[in-house]
Amino acid sequence: MAPARSERAYAQRVRGLGTTIFAEMSDLARRTGAINLGQGFPDADGPPEIVEAAVEAMRTGHNQYAPGPGVPALRAAIAAHQARHYGIGLDPDAEVVVTTGATEAVAAALLGLVDPGDEVVVLEPYYDSYVAGIQMAGGVRRPVTLRAPDFRLDVDALRAAITPRTRLVLLNSPHNPTGTVLTHDELAAVAEVAVEHDLVVVTDEVYEHLTYDGVEHVPIATLPGMAERTVTISSAGKTFSFTGWKVGWATGPAELVGAVLAAKQYLTFTSGAPLQPAVAMALGLPDAVLVDLRVDLQRRRDVLCDGLASLGLAVFVPAGTYFATTDISPLGYADGTAFCLDLPVRAGVVAIPHQVFYDDAAAGRALVRWAFCKRDDVLAEALDRLGRAFG
Ligand SMILES: Cc1ncc(COP(=O)(O)O)c(C=O)c1O
């Protein structure tokens, strides 16, 4: 997206990054009164007992700096979560670091592990903070494209992207914006490449609990040879519907987590002291809490996907995340950005064009992402408005 102002004063490491598309489209939604199916935040909070735990923590004096790596109770809860769900054993004192959301974990991993000129292989369409993080670290991105209609990993393209300068593979599964959940075979192919070329893998798994139709998320750290070379990132924001809390974490072998912490300590040092004990409590809640959220989101996914399909759009039903993707060409548009800029005016709805998440913009030109983590009445109103505009 075009930068809002001149970038003459900008250092190279931030030049050309512009304004994040999510801020831009959320601002457009606010200015036009459109329904925001752009940014991926739920419009209902997560379980009230988690809020109560945060309030209690504030009332009982957890209001000063937390330890840099995170409060011990949360680090222990994160380690216990990885053991309970995936059988991953972690030392909470050396192999877990709490961050300001997954965003900081990704940035700190890139700053802590990538030297200028190192190449980073990344799936595209990519979450936009990856581009910024790679650039700020002085790295060079080497995208591997997930292509419509099935958005699967092309293992030959992955192999072709590896060079002697490759340092790191940055994965994201469940994948934003396509909704792809990488299969065991796809992850095994990534693992083979990583072991063969002695690469570090940084994997963003913020949607780990948001998978549908019985599809299970597999952390790549559980594959042979991977625990020792993988930094796994997640966040309470998506799992418990508290995106504004920005409590995330990175886990992995002490040396890699140490590199993340080395950068993280001078970005924020620490944040969210009273929120951290509340997230520790949340991670210990019965699995039913996660199952309820997943079932409810799957239902809303189906409402949105069925509604968009009934408008004549080609819908790619996601196996995970908050997002559905459509090809908008049946509505007479060739370009998703033009469509998304028209949409608030024509229909009173905001969505996100895929093409801003690609180096190969042509691969995403006609694709648009819609968030379904919204209340039933909001989804119904959005579909109603779209029906009136395009039906
Ligand atoms: C793939 C991905 N990673 C990271 C984030 C940001 O996570 P957090 O809010 O915990 O920083 C998001 C949010 O949309 C995301 O989609």
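A short tour of the structure in this document, coming up. (Residues numbered from 1 in each chain as written. Predicted model: local features only at pLDDT ≥ 70, side-chain atom pairs only at ≥ 80, totals over all residues. Heavy atoms only, no water.)

We now examine the site of the ligand. Taken together, 13 residues sit near the ligand, with Thr103, Asp204, Tyr207, Ser235 and Lys238 positioned nearest. Interatomic distance of 2.8 Å between a side-chain N/O atom of Asn176 and an oxygen atom of the ligand. In the model, an oxygen atom of the ligand is placed 2.7 Å from a nitrogen or oxygen of the Lys238 side chain. Considering the ligand on its own, with 400 Å² of exposed area, one finds that the protein chains cover 93% of that surface. Grouping the constituent residues of the shell around the ligand by class yields five nonpolar, five polar and three charged. (Near = heavy atom within 4 Å. Polar contact = N/O pair within 3.5 Å; in protein donor to acceptor, adjacent residues only side chain to side chain. Areas by Shrake-Rupley, 256 points an atom, 1.4 Å probe, with all protein chains shown as cover. Nonpolar A, V, L, I, M, F, W, Y, C, P; charged D, E, K, R; others polar.)

The subject of this paragraph is the packing of helix α4 (residues 101-113) against helix α5 (residues 128-136). Relative orientation of the contacting elements α4 and α5 amounts to 30°, with a least axis distance of 8 Å. The angle between the axes of α4 and α5 places the two elements in the roughly parallel class. Once α4 is placed against α5, the crossing between them reads as right-handed. Only Ser129, Tyr130, Gly133, Ile134 and Met136 of α5 make contact with α4, whose side of the interface consists of Thr103, Val106, Leu110 and Leu111. A class-by-class count of the residues in the contact of α4 with α5 yields six nonpolar, three polar and no charged. (Axes fitted to C-alpha atoms, helices over the stretch in contact; angles between N-to-C directions. Helix = DSSP H or I, 4+ residues; strand = E, 2+ residues; numbered from the N terminus. Parallel < 35°, antiparallel > 145°, perpendicular 65-115°, else oblique. Left-handed = near helix turned anticlockwise from the far one by under 90°. Contact = heavy atoms within 4.5 Å.)

Turning our attention to the sheet that holds strand β3 (residues 119-124). Here we have seven strands laid out as an open sheet, ordered β2-β8-β7-β6-β5-β3-β4, and mixed in their pairing. The open sheet terminates on both sides in strands that have one partner only, identified here as β2 (96-100) and β4 (140-145). For this sheet the average axis-to-axis angle between neighbouring strands, irrespective of direction, equals 20°. In the sheet, strand β6 (residues 200-204) pairs with strand β7 (residues 230-235) via four bridges, with the strands oriented parallel. (Pairing = 2+ DSSP bridges.)

The description of two aromatic rings rests on the distance between their centres and on the angle between their planes. A full pass over the atoms with the stated rule returns 13 aromatic pairs. Three or more aromatic residues joined by ring pairs make a cluster, and in this case those are Phe22, Tyr127, Tyr130 and Phe357. The lysine or arginine in question, Arg369, covers the ring of Phe323, its NZ or CZ lying 3.5 Å from the ring centre. Taking NZ or CZ as reference, Lys374 lies 3.7 Å from the ring centre of Phe41, over its face. (Phe/Tyr/Trp six-rings, centres within 6.5 Å; stacked < 30°, edge-to-face > 60°. Lys NZ or Arg CZ within 6 Å of the ring centre and 35° of its normal.)

Take Lys238: it is sitting in helix α8 (residues 236-240). Excluding anything up to four places from it in sequence, Lys238 contacts Gly40, Val206, Tyr207, Leu210, Thr243, Leu293 and Tyr322.

All right, on to the environment of Ala366 then. Of note, Ala366 is situated in the loop between α13 (361-364) and β13 (367-371). With relative accessibility at 17%, the residue Ala366 sits in the buried group. C-alpha separation for the pair Ala366 and Ile162, spaced 204 residues apart in sequence, amounts to 28 Å. Here Ala366 is in contact with Thr326, Asp327, Ile328, Ser329, Ala334 and Gly336, once residues within four sequence places are set aside. (Buried < 20%, exposed > 50% of the residue type's maximum accessible area, 1.4 Å probe, protein only.)

On to the layout of surface pockets, then. The computed volume of the largest pocket comes to approximately 1000 Å³. Contributing to the lining of the largest pocket are 47 residues, with Thr20, Phe22, Tyr127, Asp128 and Ser129 lying nearest its centre. Of the residues in the lining of the largest pocket, the class split is 22 nonpolar, 18 polar and seven charged. Its volume calculated, the second largest pocket comes out at about 230 Å³. If you go around the second largest pocket, you meet 17 residues; those closest to its centre are Asp45, Gly46, Ser241, Leu293 and Arg300. When residues of the lining of the second largest pocket are traced back to their parent elements, those giving at least two are α8 and α11 (287-310). Among the elements that take part in the lining of the second largest pocket, α11 stands out by supplying six residues, more than any other. (1 Å grid on protein atoms, 1.4 Å probe; cavity = no way out; pocket = protein on both sides within 12 Å on 5 of 7 lines; lining within 4 Å. Points joined across faces, edges and corners; volume = space filled by probe spheres on them.)

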